[in-house]
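If you want the building blocks of each chain, they are given just below.
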Amino acid sequence: MNNNSRVCTRKVIAVMGRSTRGFEDHLKAGPKKALRFGTGNYCPFLEPGFDCLANGRKDEEYLKWRWKPRDCQVPRFDVLAVLEFLRGKRVVFVGDSLGRTQWESMVCMLMSGVKDKNSVYEVNGNAITKQIRHLVVRFSGFNLSLEFYRLVFLVRPGVSPKLSPKRVKKVVKLDRMDGISREWIDSDILVFNSGHWWTPTKLFDMGRYFEFAGKIKLGMTIDDAFKIALSTWQLWIEKAVNPNRTRIFFRTFESTHWSTGSRQNCKVTRLPSPELKDKKSSAISDAIIHTVYNTSIPIQLLHVTPMGAFRSDAHVGSWSDNPSVPDCSHWCLPGVPDMWNELLFSFLLS
């Protein structure tokens, strides 16, 4: 049997190596026609800040690349098959703005297969924006809900306790899940991500420090704190979520392409970069992988870190709704997040 004919499913990947090891180090990009999965056309749920084409990007080369794992094939997106599979289901994304990007991508991908566009709507009439913590798009013709919950640290944020040092303005409670987590329990598909807020800029520079067992931990490193937060998440999900009802996914950290360590130095290339440097792995992803492997209930890992390492061509850059602030963290839509969903659909439909 030709390995390239095998579909990239959990079972096939397990044969090739441990979990998603079959994707690592063997990803190849190949040119293709500009597949937009419907998101390149009008999609009312596409956040203006990620719509690079509408914001003036002229080249479409970044849309002409598709990932080709060496040992299996990711099936082409079949919108009608996916919509039928998801009929009657509740899909929930939990995470940061990169999670919202994947959620928006999925909404727009699926909307491309719906004839009556008015049958797809945000249940509260909300515009898609980072200011809203919970967004729900309903596909009424399929009795399908796609939801996004904004929870950037996975665990509970909070105000600083009394008598805290002056520099402590806020805390991340590493041993507490947010109360909103009870709303995810009855979902059919649950997709997590975290990572982009676990940086000195988003934490210490903003006066946000870690709290554990009721005490402020000023000397705790970010890597150690993230591992504790993941342990809290692991204990919660093992206790609260029924794996016989809910399929659980955790997506790893997404590669960024800032130059020289400066948040303002962002150069989007025309083609994918052959220089991977240290982009194919991260401490955040390693911690996620370790946690997923050691959780007692089935969790599917979506390991996208090495996949995005080449894609210095696909970031928002200056093609956003605020071009004065370049962005080499988030991705254009349509674009790379569509591939994350292709992988997700491959696992679901296999």
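Everything that follows concerns the structure shown earlier in this document.
First things first, this report covers the structure right here in the doc. (Residues numbered from 1 in each chain as written. Predicted model: local features only at pLDDT ≥ 70, side-chain atom pairs only at ≥ 80, totals over all residues. Heavy atoms only, no water.)

1. A closer look at the packing of aromatic side chains
Following the criterion strictly, the structure yields 14 aromatic pairs and no others. When the centroid spacing of 5.4 Å and the interplanar angle of 80° are considered together, the rings of Trp184 and Trp236 count as edge-to-face. Of this pair, Trp184 sits in the loop between β8 (170-177) and β9 (189-192) while Trp236 sits in helix α4 (residues 222-240), and the two are 52 residues apart along the sequence. Relative accessible area serves as the criterion here: at 13%, Trp236 is assigned to the buried category. A connected cluster of aromatic rings, assembled from ring pairs, spans Phe153, Trp197, Trp198, Phe204, Tyr209, Phe210 and Phe226. Across from the ring centre of Phe85, 4.8 Å away, lies the NZ or CZ of Lys89, which sits over that ring. In this structure, Lys202 is placed above the aromatic ring of Trp197, and the distance from its NZ or CZ to the ring centre is 4.4 Å. (Phe/Tyr/Trp six-rings, centres within 6.5 Å; stacked < 30°, edge-to-face > 60°. Helix = DSSP H or I, 4+ residues; strand = E, 2+ residues; numbered from the N terminus. Buried < 20%, exposed > 50% of the residue type's maximum accessible area, 1.4 Å probe, protein only. Lys NZ or Arg CZ within 6 Å of the ring centre and 35° of its normal.)

2. Looking at the sheet that holds strand β12 (residues 247-251)
Overall, mixed pairing links the 7 strands, which are arranged β4-β5-β6-β3-β9-β12-β13 in an open sheet. Looking at the sheet topology across the chains shown, the edges are occupied by β4 (120-122) and β13 (300-302). Going across the sheet, the axis of each strand differs from the next one's by a mean of 15°, ignoring polarity. The sheet strands contacting helix α7 (residues 336-349) are β3 (90-95), β9, β12 and β13, and the helix crosses β12 at an angle near 150°. (Pairing = 2+ DSSP bridges. Axes fitted to C-alpha atoms, helices over the stretch in contact; angles between N-to-C directions. Contact = heavy atoms within 4.5 Å.)

3. Quick look at the side chain of Thr246
Looking at where Thr246 falls in the secondary structure, it is placed in the loop between α4 and β12. Side-chain polar atoms of Thr246 contact the backbone oxygen of Ser187, separated by 2.5 Å. Non-local contacts of Thr246, meaning those with residues more than four positions away in its chain, are made with Ile185, Ser187, Asp188, Ile189, Leu190 and Val241. (Polar contact = N/O pair within 3.5 Å; in protein donor to acceptor, adjacent residues only side chain to side chain.)

4. A closer look at the side chain of His196
Tracing the backbone through its elements, the reader meets His196 in the loop between β9 and β10 (208-212). Within the structure, the side chain of His196 is placed 2.9 Å from the side chain of Glu254, a separation counted as a polar contact. Once residues lying within four places of it in the same chain are set aside, the contact partners of His196 are Asp96, Leu98, Lys202, Phe253, Glu254, Thr256 and Ser329.

5. Concerning α4
In a regular helix each residue adds 1.5 Å, so 19 residues correspond to 27 Å; α4 covers 26 Å between its end C-alpha atoms and thus fits that length. All buried positions along α4 are accounted for by Ile222, Ala225, Phe226, Ala229, Leu230, Thr232, Trp233, Gln234, Trp236 and Ile237. (Expected span 1.5 Å × (residues − 1).)

6. Some points on the state of the cysteines
Under the counting rule described, the total for this entry stands at 3 disulfides. One disulfide bridge connects Cys43 with Cys108, the sulfur atoms lying 2.0 Å from each other. When the S-S torsion is -85°, as for the bridge of Cys43 with Cys108, the disulfide is left-handed. Linking Cys43 in the loop between β1 (28-31) and β2 (65-68) with Cys108 in helix α3 (residues 97-111), this pair joins segments that are 65 residues apart in sequence. The same class applies to Cys43 as to Cys108, namely buried. (Disulfide = S-S within 2.5 Å.)

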